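# Coordinate analysis (summary)
Each chain, letter by letter, is given below.
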Amino acid sequence: MKTFDKILLINADYPDSHYYFAGLPVGIGYLSEVLSAAEIDNQIFDLSLERDINKLKKKIETYRPSLIGYSLFTFRHRYNYKVMENIKKAFPSVPIVAGGPHLSTLRESVLMDCEAIDFGVTLEGERTLVELCEGKEPYRIKGLIYRDECGKISYSGDREFIRDLDSIPSPRYKKFNLKRYPKNMNIVTSRGCPYSCIYCPVKATIGKMLRVKSAESVVEDFEYWNKQGFRDFSIADDNFTFYQDRVYDIADGLKQKGLTDIRISCGNGVRADKVNYDLLKRMKEVGFYYMAFGVEGGNDRVLKNLKKGENIETIRNAVKMACDLDYQVGLFFLIGSPYETRKDLDDSIKLAQEFPVCEASFYNLIPFPNTELYEWVKKNDYFVESPQEYLDWASHWVNKPLFATPEFPYEERKKAYHYANSLMKKHVKKEARKREVWLIKQKLHDYYGISGFLLDAVTWAYTLPLLQGTREEFMAYIRRHGQKEDA
Ligand code: B12
Ligand code: SF4
């Protein structure tokens with residue numbers, strides 16, 4: 001007899017943000033799959049898609065779950081606490097279990113701050129959730145935060161990582177209405193990252209130990225989604241190229257399976273010291289077209305202070321290789337790393353300007369709890385916003401420095417963000433347009449099945465009137481056409 005036999009999994013909403021409707025949630029995809037494998041009935045409600053709490057309540061009324069699972073990032077957690085409180089008020093007898101990066105980062109304090117949450121799950125949720133549903137006593141379930149009979153919040157300790165990722169089924173999103181999501185499939189082929197970058201929350205959210213899926217199983221995922229009509233894929237790993245042999249095997253597998261008409265982007269960033277010319281060339285041959293690099297700083301002193309474990313020469317070489325191989329390249333930089341000065345930032349800007357990239361973004365650093373950066377800012381009393389406040393709204397797209405140092409004061413940081421991003425907008429203009437034209441060309445090819453000279457001619461005719469326009473007009477044009485195509 002299962003304690004919970006009907007689970008409604010909810011993807012959080014992030015209102016008023018750049019991240020409104022972020023696409024298919026991979027974590028919930030995995031959870032739904034393992035619940036189904038354990039013969040536990042489950043359904044999904046994606047609040048970021050529906051954006052209507054009344055609709056959610058209706059869903060609960062009709063589906064009548066015995067447990068509600070809520071997936072949370074730290075970003076906009078307060079709004080989602082309110083949603084859970086609202087649900088609890090309407091359905092007091094249905095327990096709520098919350099999981100996701102927010103729970104792993106802030107742990108017991110989440111249950112202290114939101115009384116509506118009955119259970120919290122840290123790190124990977126698959127096995128913890130199934131054990132909870134199967135009725136194991138909470139104190140015996142590793143990875144579970146729970147309230148005991150006296151209401152005291154307890155934690156049973158971290159669960160061991162799933163070492164063999166092939167042992168859990170890959171998400172197939174059978175419970176999702178796939179038609180309502182962008183036709184770009186997120187693929188996650190590994191979990192964890194062994195590096196020690198001082199600002200990175202990944203070790204808290206999914207662990208420092210790197211676990212990877214086998215090349216065969218990754219190729220199977222591509223093949224499955226390609227058969228469902230998907231041609232665009234985004235690798236969302238933190239460290240996709242760590243084991244280079246595996247990447248070669250994936251490339252061989254894609255070729256053997258005849259998956260020659262797919263496009264793969266590495267938009268979450270790869271490490272410059274984990275690629276080389278031959279590897280990038282091989283990846284390009286099998287459909288990889290976009291490569292982002294987390295550069296972070298413009299000189300070795302800044303990189304050393306971030307414990308990035310790379311130097312500028314390695315980064316410069318890797319970016320050059322990717323540009324030479326005609327990848328669309330994105331570069332990400334941080335503003336205000338420990339001991340960074342305004343002059344150091346000029347090194348970052350100069351570095352970005354060396355390359356014909358289609359994207360270069362500068363972000364204010366976010367100190368996440370349980371990172372070395374957070375402790376450093378706290379120890380030095382450098383916060384200008386209180387973590388309790390900014391953890392709710394800080395994103396890389398908001399120009400509000402969260403801390404400031406004597407070397408790089410608040411106002412200078414703000415100006416630097418604006419200055420660097422404005423300069424980059426101009427710098428990437430040409431390549432960004434090329435990318436947009438290229439994307440239109442791919443869409444024309446997909447929709448009308450044309451290729452070769454005819455495709456070039458149609459793309460030219462389609463995009464020519466726009467090439468004189470501003471970037472904004474151009475983007476508006478693409479959006480309009482995107483809508484038409486999707487309708
Ligand atoms: C892909 C991704 C995104 C995508 C999201 C796509 C999507 N729809 O899911 C996009 C680009 C939109 C995105 C945006 C942002 N992201 Co992001 N993202 C990631 C990334 C790279 C991979 C996430 C993933 O799919 N992992 C694979 C799955 C299997 O793991 P998972 O999602 O964590 O799910 C597991 C567990 O968390 C748990 N779980 C999850 N939900 C639930 C629910 C229940 C009920 C249970 C029991 C368990 C459970 O079980 C799952 C299976 O094991 C992670 C890095 C990472 N490695 O975690 C960062 C990461 C999660 N993002 C992060 C951040 C900061 C952001 C942004 C705020 C960026 C910014 N600074 O502006 C925004 C906020 C967006 C938002 N919605 O809140 C941080 C999170 C820190 C935190 N404490 O919240 C991470 C760790 C990256 C980082 N280095 O900073 N992101
Ligand atoms: S390499 Fe990337 S994912 Fe790994 S610790 Fe550094 S920033 Fe985080």
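Cut-offs and rules
Residues numbered from 1 in each chain as written. Chains lettered and ligands numbered in written order. Predicted model: local features only at pLDDT ≥ 70, side-chain atom pairs only at ≥ 80, totals over all residues. Near = placed C-beta within 6 Å. Helix = DSSP H or I, 4+ residues; strand = E, 2+ residues; numbered from the N terminus. Nonpolar A, V, L, I, M, F, W, Y, C, P; charged D, E, K, R; others polar. Domains from an automatic or database assignment. Core = buried A, V, L, I, M, F, W, Y, C linked by C-beta atoms within 7 Å. Buried ≥ 20, exposed ≤ 12 C-beta atoms within 10 Å, placed from the backbone. Contact = placed C-beta atoms within 7 Å.

Quick look at the site of ligand 1 now. Around ligand 1 there are 43 residues in total, and Gly 27, Gly 69, Phe 73, Gly 99 and Gly 125 lie nearest to it. Those elements giving two or more residues to the shell around ligand 1 turn out to be α1 (26–37), β3 (67–71), β4 (96–99), α5 (101–106), α7 (126–133) and α8 (202–205). In terms of residue count, α1 provides more of the shell around ligand 1 than any other element does, five residues in total. Its residues placed into classes, the shell around ligand 1 shows 26 nonpolar, 14 polar and three charged. For the shell around ligand 1, the two domains that each supply at least three residues are domain 1 (6–155) and domain 2 (182–427).

Looking now at the nonpolar core. Phe 293 and Leu 331 are the most contacted members of the largest nonpolar core, which has 67 residues in total. Leave out the neighbours within four places in its chain, and Phe 293 touches Gly 269, Val 270, Ala 272, Ile 315, Ala 318, Val 319 and Leu 331. Counting residues in hydrophobic clusters, the runner-up holds 45 residues, among them Ile 10, Ile 40, Leu 106 and Phe 119.

On to the site of ligand 2, then. Around ligand 2 lies a shell formed by Cys 193, Tyr 195, Cys 197, Cys 200, Val 202, Asp 238, Asn 239, Arg 271 and Gly 294. Taken together, the residues of the shell around ligand 2 break down into five nonpolar, two polar and two charged.

Each domain of the protein chain was delimited in the assignment, giving domain 1 (6–155), domain 2 (182–427) and domain 3 (431–486). Of note, the centres of domain 1 and domain 2, computed from C-alpha atoms alone, are 29 Å apart. Each partner contributes residues to the interface: domain 1 has 15 residues there, and domain 2 has 16 residues. Only α4 (77–90) and α5 provide two or more residues apiece to the side of domain 1 that touches domain 2. The biggest single contributor to the side of domain 1 that touches domain 2 is α5, with four residues. Partitioned by chemical class, the residues of the side of domain 1 that touches domain 2 number six nonpolar, seven polar and two charged.

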